[in-house]
Amino acid sequence: MDNAKTFWLPEKASTFTSIVDPAFDLYLWISVFFFGLIVILITVFTFKYLRRRPDQLATAQITHNLTLELSWTIIPLIIVMALFFVGMKGFLHMRVAPSGYMQVNVKGQKWSWSFEYPAGAVNDTLVVPVNTPVKLAMTSRDVIHSFFIPAFRAKADVLPNRWNAIWFQATRTGVFPVECTQYCGTNHSYMWTAVKVVEPDVYQEWLANASDPGKGKTPEQFGALLYQKRGCNACHSIDGSKGVGPSWKGLYGRQETTNMGMVMVDEAYLKESMMVPTAKVVTGFQPVMPVFQGVLSDREIAALMAYIKSLK
């Protein structure tokens, strides 16, 4: 199978491409054919029925043609019904995962993705084995997002307070981009990640290590890892530059002005800001941080605090 991308479509890396690509080509070329036909007929009729005498009536040359009227009604109807059948068949196939699939829970938030595996691993990149059906159960922690893997032809909206699902089966190893296609705020364009497709034995080895990401790491090192994997880097810089939220550089021990007055940034304030972000919002920033209550474990909270303390 030719996996290369074309002028119209990206590269091919899942079983869905054999369904989506022919349907896309069918819709495209039918549209091109009728667009060309209509333009040609408009041009021909414009010259053929051009008003040539001042006393010529506009309706004098128009007559009834039952055959023609039935043709331009029945033929488009048959074409539309055929296209509907092709689209519905593909849609149903892409929405119902086959037996034996592995499931990964996906959570979207402004502006990052989090992938949770049954064994307890959490990652900011989706890692899956090749030639294995994978079902994604997806929800959002804030606003509407849309999860799209162009090379897999897989796409679904991700909604707050609701679970949505898609599935796919990658046909070759590699790294393939994931994009959010629903405008979700200031940094929407940076809400991207990737699917890493690996051999089954490589996946099992990765899963074993990812299930305990803090193993062998100091709290500061584990916190630095969580800073990336939990999407903290989407809003908080570590170099002092202003982002959607306050920079973490030199944050611990600093006095901050909030909507509730002056506060000292200590462990109690940091934990409260993670669990209830709207409790005390630093002046100059919007209350857009998602709630991490029930998302971060005590160990992860402690690691993030240790990392913040280390950023002098």
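Note that the structure is a prediction, hence the values are computed from the model and not measured.

On a plain count of helices and strands, the chain comes out with 6 helices and 12 strands. For 312 residues, the compact-globule estimate of 2.2 N^0.38 gives 20 Å, and the C-alpha radius of gyration of the chain, at 28 Å, exceeds that figure by more than 25%. Projected onto its principal axes, the C-alpha positions of the chain cover 90 × 55 × 30 Å. The burial tally for the chain puts 37% of its 312 residues in the buried class. Contacts spanning at least 24 positions in sequence make up 63% of the contacts within the chain whose residues lie at least 6 apart. Within the structure as shown, the chain displays about 18100 Å² of accessible surface, and the carbon and sulfur contribution to it stands at 63%. Of the charged side chains in the chain, 29 are positive and 23 negative; the average position of the first set lies 5 Å away from that of the second.

Let's shift gears to unusual backbone geometry. Residues other than glycine predominantly adopt negative phi, and peptide bonds predominantly adopt the trans conformation. Omega for the bond connecting Lys110 with Trp111 falls within 30 degrees of zero, at 5°, which places this linkage in the cis form. If you trace the backbone, Trp111 turns up in the loop between strand S1 (102-109) and strand S2 (112-116). The residue Arg153 is not glycine, and still its phi comes out positive at about 60°. Relative to the helices and strands, Arg153 is located in the loop between strand S6 (145-149) and strand S7 (154-158). Here Asn161, not a glycine, exhibits a phi torsion of approximately 60°, which is positive. Summarising the element assignment, Asn161 is placed in the loop between S7 and strand S8 (164-169). Residue classification places Asn161 among the exposed positions, given a relative accessible area of 82%.

Right, let's talk about the nonpolar core for a bit. Soluble globular proteins tend to bury their nonpolar side chains together. Grouped together as the largest cluster of nonpolar side chains are 41 residues, with contacts concentrated most on Tyr117, Leu126, Leu136, Phe147, Phe152 and Phe168. If you look at the next biggest cluster of nonpolar residues, it comprises 23 residues, including Tyr269, Met275, Phe292 and Ile308.

A few words on the sheet that holds S6. The mixed open sheet is built from 5 strands, whose spatial order is S4-S10-S9-S6-S7. Where the open sheet ends on each side, the last strands, each with one partner, are strand S4 (126-129) and S7. Going across the sheet, the axis of each strand differs from the next one's by a mean of 20°, ignoring polarity. Relative to strand S10 (residues 192-198), S4 runs parallel, the two sharing 4 bridges. Bridge pairing links Val128 to Val197 in S10. Running at roughly 135° to S4, helix H3 (residues 200-210) makes contact with S4 and S10 of the sheet.

What follows deals with the sheet that holds S2. Read across the open sheet, the 5 strands follow the order S3-S2-S1-S5-S8; overall the sheet is mixed. Sheet topology places strand S3 (122-123) and S8 at the edges, where each strand pairs with a single neighbour. Here 7 bridges tie S1 to strand S5 (residues 133-140), and the two strands are oriented parallel to one another. Bridged to Asn105 within S5 is Ala137.

So, about the packing of aromatic side chains. Under the criterion given, the structure shown has 14 aromatic pairs. With centroids separated by 6.1 Å and ring planes inclined at 75°, the aromatic side chains of Phe115 and Phe147 adopt a geometry described as edge-to-face. Of this pair, Phe115 sits in strand S2 while Phe147 is found in strand S6, placing the two residues 32 residues apart along the sequence. We note that Phe115, like Phe147, is buried. With 5.1 Å between their ring centres and 65° between their planes, Tyr117 and Trp206 make a pair best called edge-to-face. Of the two residues, Tyr117 sits in the loop between S2 and S3 while Trp206 sits in helix H3, which places them 89 residues apart along the sequence. Overall, the relative accessible area of 22% leaves Trp206 in the partly exposed class. Pairwise contacts between aromatic rings join Trp113, Phe115 and Phe147 into one cluster. The aromatic ring of Phe292 is capped on one face by Arg141, whose charged end is 4.4 Å from the ring centroid. Directly above the ring of Phe285 sits Lys242, whose terminal nitrogen or CZ lies 5.2 Å from the centroid.

Parameters and conventions
Residues numbered from 1 in each chain as written. Predicted model: local features only at pLDDT ≥ 70, side-chain atom pairs only at ≥ 80, totals over all residues. Heavy atoms only, no water. Helix = DSSP H or I, 4+ residues; strand = E, 2+ residues; numbered from the N terminus. Rg over C-alpha atoms; globule rule 2.2 N^0.38 Å. Buried < 20%, exposed > 50% of the residue type's maximum accessible area, 1.4 Å probe, protein only. Contact = heavy atoms within 4.5 Å. Areas by Shrake-Rupley, 256 points an atom, 1.4 Å probe, with all protein chains shown as cover. Lys, Arg positive; Asp, Glu negative; His and termini not counted. Charge placed at Lys NZ, Arg CZ, Asp CG, Glu CD. Core = buried A, V, L, I, M, F, W, Y, C linked by side-chain atoms within 4.5 Å. Pairing = 2+ DSSP bridges. Axes fitted to C-alpha atoms, helices over the stretch in contact; angles between N-to-C directions. Phe/Tyr/Trp six-rings, centres within 6.5 Å; stacked < 30°, edge-to-face > 60°. Lys NZ or Arg CZ within 6 Å of the ring centre and 35° of its normal.

Just geometry here; none of it tells us what the structure is for.
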